[in-house]
Every structure is written in C-alpha cells, then in structure tokens.
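Close look at the chain arrangement
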Amino acid sequence: MASGSAIRGSRVGAGPMGEAERGDAAPRVWISYWCANGHETRPSFAEEAAEEAPVTWDCPRCGFPAGQDPESPPAPVKNEPYKTHLAYVKERRSEEDGAAILDEALAALRARRGR
C-alpha cells in the first residue's frame with residue numbers, strides 16, 4: 001500500500017502559483033477565423049501583436065485553412081494522391097515509346113542469348 005502526501009512535489013508554506021508570482025498577463029485580443037466548412041476559430045493574441053496576426057489559421061475541427069473574412073474563406077488545400085513509379089513513367093512516355101524501348105531491350109536480350 002502506497003503512503004504519502006496527496007500534495008506531492010510541493011513544500012510546506014508554498015502557496016498557489018498565481019498572478020503575483022508570474023507577473024501580469026498581457027492584454028489579449030481575440031480574432032475570428034472562418035474555414036470553408038463554416039467553423040469559427042477565435043485564437044487570442046497579445047494586443048501589441050494583433051496587427052501582425054497571421055492572415056490564415058488552421059481550423060482545429062477540420063484542418064482546413066481559415067481566413068478572417070467569413071464570406072470568402074480560403075479554399076481547402078487539394079492533396080495529390082500517391083503516385084507509383086509506373087504512373088510517373090507513363091506521364092513522361094507514351095505507349096508507343098514504351099513499346100519501342102521494350103522491343104529494343106528484348107532484341108538486345110535475344111542477341112546476347114544467341115551467342
């Protein structure tokens with residue numbers, strides 16, 4: 001059975017950590033951001049830094065970018081699907097080019113075997 005104090009990590013006479021020990025909090029400003037799904041996010045910034053607030057903010061609910069204009073939020077980022085090596089090769093070469101390269105390779109193999 002474990003015994004001990006319910007207030008571990010504290011010393012006798014230690015009071016609560018409060019404003020007096022941490023200092024005063026900076027005045028805050030809340031700025032609204034809206035994503036394409038209509039979610040509103042209101043992060044807070046220090047008053048002095050409010051003019052330098054970011055233009056976009058990631059929505060914590062859906063992950064889409066959010067802007068400060070509720071009427072025209074930024075468009076969601078379009079993710080490209082994963083492409084295989086073959087998909088990249090097909091982008092660079094036509095079917096005819098591939099057939100010609102295959103014929104050349106097969107002819108070289110057959111010539112080597114015929115020796």
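Thresholds, definitions, all that
- Residues numbered from 1 in each chain as written.
- Predicted model: local features only at pLDDT ≥ 70, side-chain atom pairs only at ≥ 80, totals over all residues.
- Heavy atoms only, no water.
- 1 Å grid on protein atoms, 1.4 Å probe; cavity = no way out; pocket = protein on both sides within 12 Å on 5 of 7 lines; lining within 4 Å.
- Points joined across faces, edges and corners; volume = space filled by probe spheres on them.
- Helix = DSSP H or I, 4+ residues; strand = E, 2+ residues; numbered from the N terminus.
- Nonpolar A, V, L, I, M, F, W, Y, C, P; charged D, E, K, R; others polar.
- UniProt positions renumbered as here; feature names shortened; annotations may be inferred.
- Buried < 20%, exposed > 50% of the residue type's maximum accessible area, 1.4 Å probe, protein only.
- Contact = heavy atoms within 4.5 Å.
- Pairing = 2+ DSSP bridges.
- Phe/Tyr/Trp six-rings, centres within 6.5 Å; stacked < 30°, edge-to-face > 60°.

Before going further, it helps to spend a moment on the layout of surface pockets. Size it by volume and the largest pocket reaches roughly 150 Å³. As for the largest pocket, its lining consists of Leu 86, Val 89, Lys 90, Arg 93, Ser 94, Glu 95, Gly 98 and Ile 101. Going through the elements one at a time, helix 2 (85-92) and helix 3 (95-113) are the ones with two or more residues in the lining of the largest pocket. Split into classes, the residues belonging to the lining of the largest pocket amount to 3 nonpolar, 2 polar and 3 charged.

Feature annotation in UniProt places "binding site: Zn(2+)" (unreviewed entry) on Cys 35, His 39, Cys 59 and Cys 62, given in this structure's numbering. The named residues occupy 28 residues along the chain; their greatest pairwise C-alpha distance, 8.5 Å, places them in one compact cluster. Among the secondary structure elements, His 39 is positioned in the loop between strand 2 (33-35) and strand 3 (40-41). Look at His 39 and you get buried, because its relative accessible area is 16%. Once residues lying within four places of it in the same chain are set aside, the contact partners of His 39 are Tyr 33, Trp 34, Cys 59, Arg 61 and Cys 62. Its place among the elements puts Cys 62 in the loop between strand 5 (56-58) and strand 6 (65-67). By relative accessible area, Cys 62 is classed as partly exposed at 29%.

Once that is clear, we can look at the sheet that holds strand 2. A sheet is described by the order of its strands in space; here 4 strands give the open sequence 3-2-6-5, paired in antiparallel fashion. A strand with exactly one partner marks an edge of an open sheet, and here the two such strands are strand 3 and strand 5. Bridge count between strand 2 and strand 6: 2 bridges; the pairing is antiparallel. Of the residues in strand 6, the one forming a bridge with Cys 35 is Ala 66.

What follows covers the packing of aromatic side chains. Throughout the structure, instances matching the rule amount to 2 aromatic pairs. Taken together, a centroid distance of 5.6 Å and an interplanar angle of 85° make the contact between Phe 45 and Trp 57 edge-to-face. Highlighted residues: Phe 45 in strand 4 (residues 44-46) and Trp 57 in strand 5, separated in sequence by 12 residues. The buried category is assigned to Phe 45, whose relative accessible area is 12%. Aromatic ring contacts, followed pair by pair, group Tyr 33, Phe 45 and Trp 57 into a single cluster.

Now for the side chain of Thr 41. Take Thr 41: it is sitting in strand 3. If sequence neighbours within four positions are ignored, Thr 41 has contacts with Ile 31, Ser 32, Tyr 33, Trp 57, Cys 59 and Pro 60.

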